[in-house]
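# Chains, contacts and geometry: an overview
These are the residues of each chain, in order.
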Amino acid sequence: MSSLRLADKVVLITGAAKGLGRGIAERFAKEGARLWLTDVDSTDGEATAHELDGEFRSHDVRDEASWEQLMAEIVEHAGRLDALVNNAGIFINHPVEETPVAEWQRVLDVNLTGVFLGCKHAVRTMTPQSRGSIINLSSVTGLRGQRGGAAYSASKGGVRLLTKSVALETAHRGIRCNSIHPGIIKTPILDPIFERADDPAALEQALAASLPIGYLGDPATDIGNAALYLASDESRYVTGTELVVDGGMTTGLP
């Protein structure tokens, strides 16, 4: 018997070209997963899939027809889907009164509707096999507010409760659904913030110092390990839960 924790499991990860998605894919690859990776960034997505010996498909998570085609292709070639990681997401930073309706809608379409469509079609795919794990990437801002993050917080809060509803509806079918809530993880999503800073290194040090644990999270080690647990059979009794991976960020005021 293989000691790999995801040996021969078929896993789909959205938004896998870089950042959290790539980190999760790297961790899963080391544990024997058969990876299907998607992103709107075909260049980096193809490179990631090639490096990790996975399949890549260009995929806009807002497009339901694209989900239907993707699931059909996975079943045709791999025979089943064992786990879905709904990771694809975008971030904008505007005060609520300055947030354009179009940007509000775009964030909700990608971050919430995209996750909903992933859950919908994963459940349809997993139900005949009576097993599966759906892992939805929310955020600490899905648990609390964020200055300048009205759209992002709303979308990630929606992911949190969508996850619980899916878990309730599918537990009896052998399908589990959980959410991960990352804190400050060192990914390209932080690049625009650092680029605007007079001293990026000092800003990074200040962010790290603001956390009880004292450093920023790593995509593969910290979020990848959390997702690995939820995708593996080790979490067979875990559904509808929130796994907060934030270095103590949401424990309270210092």
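Preceding this section is the structure that the text describes.
Thresholds applied
- Residues numbered from 1 in each chain as written.
- Predicted model: local features only at pLDDT ≥ 70, side-chain atom pairs only at ≥ 80, totals over all residues.
- Heavy atoms only, no water.
- Buried < 20%, exposed > 50% of the residue type's maximum accessible area, 1.4 Å probe, protein only.
- Helix = DSSP H or I, 4+ residues; strand = E, 2+ residues; numbered from the N terminus.
- Arc of directions from axis to C-beta.
- Contact = heavy atoms within 4.5 Å.
- Core = buried A, V, L, I, M, F, W, Y, C linked by side-chain atoms within 4.5 Å.
- Salt bridge = Lys/Arg side-chain N within 4 Å of Asp/Glu carboxyl O.

For the rest of this paragraph, the subject is helix α2 (residues 42-52). Every buried residue of α2 is accounted for by Gly45, Thr48, Ala49 and Leu52. With its buried residues spanning 95° around the axis, α2 presents them on a single face. Away from the buried face of α2 by more than 90 degrees, exposed residues Thr43, His50 and Glu51 are located. Those residues of α2 that are buried lie in contact with α1 (19-30), β2 (34-39) and β3 (55-58).

As a further point, take the nonpolar core. In a soluble, globular protein the nonpolar side chains are often hidden away together inside. Counting residues in each nonpolar core, the largest one holds 28 residues, and the members touching the most others are Ile13, Phe28, Leu35 and Ile180. Counting residues per element, the ones that place at least two in this core are β1 (10-13), α1, β2, α2, β4 (83-86), β5 (132-137) and α8 (219-231). With six residues, α8 is the single largest residue contributor to this core. Counting 26 residues, the second largest nonpolar core, distinct from the first, contains Leu12, Leu70, Met126 and Val159.

This paragraph deals with the pattern of salt bridges. Under the defined criterion, the tally for this structure stands at 18 salt bridges. Linking Glu64 and Lys120 is a salt bridge whose minimum nitrogen-to-oxygen distance equals 2.7 Å. Here Glu64 is found in helix α3 (residues 64-78), whereas its partner Lys120 is found in helix α4 (residues 101-126), with 56 residues between them in sequence. For Lys120, a relative accessible area of 27% translates into the label partly exposed. Beyond isolated ion pairs, a larger network of salt bridges with shared partners links Asp8, Arg34, Arg80, Asp82 and Arg131.

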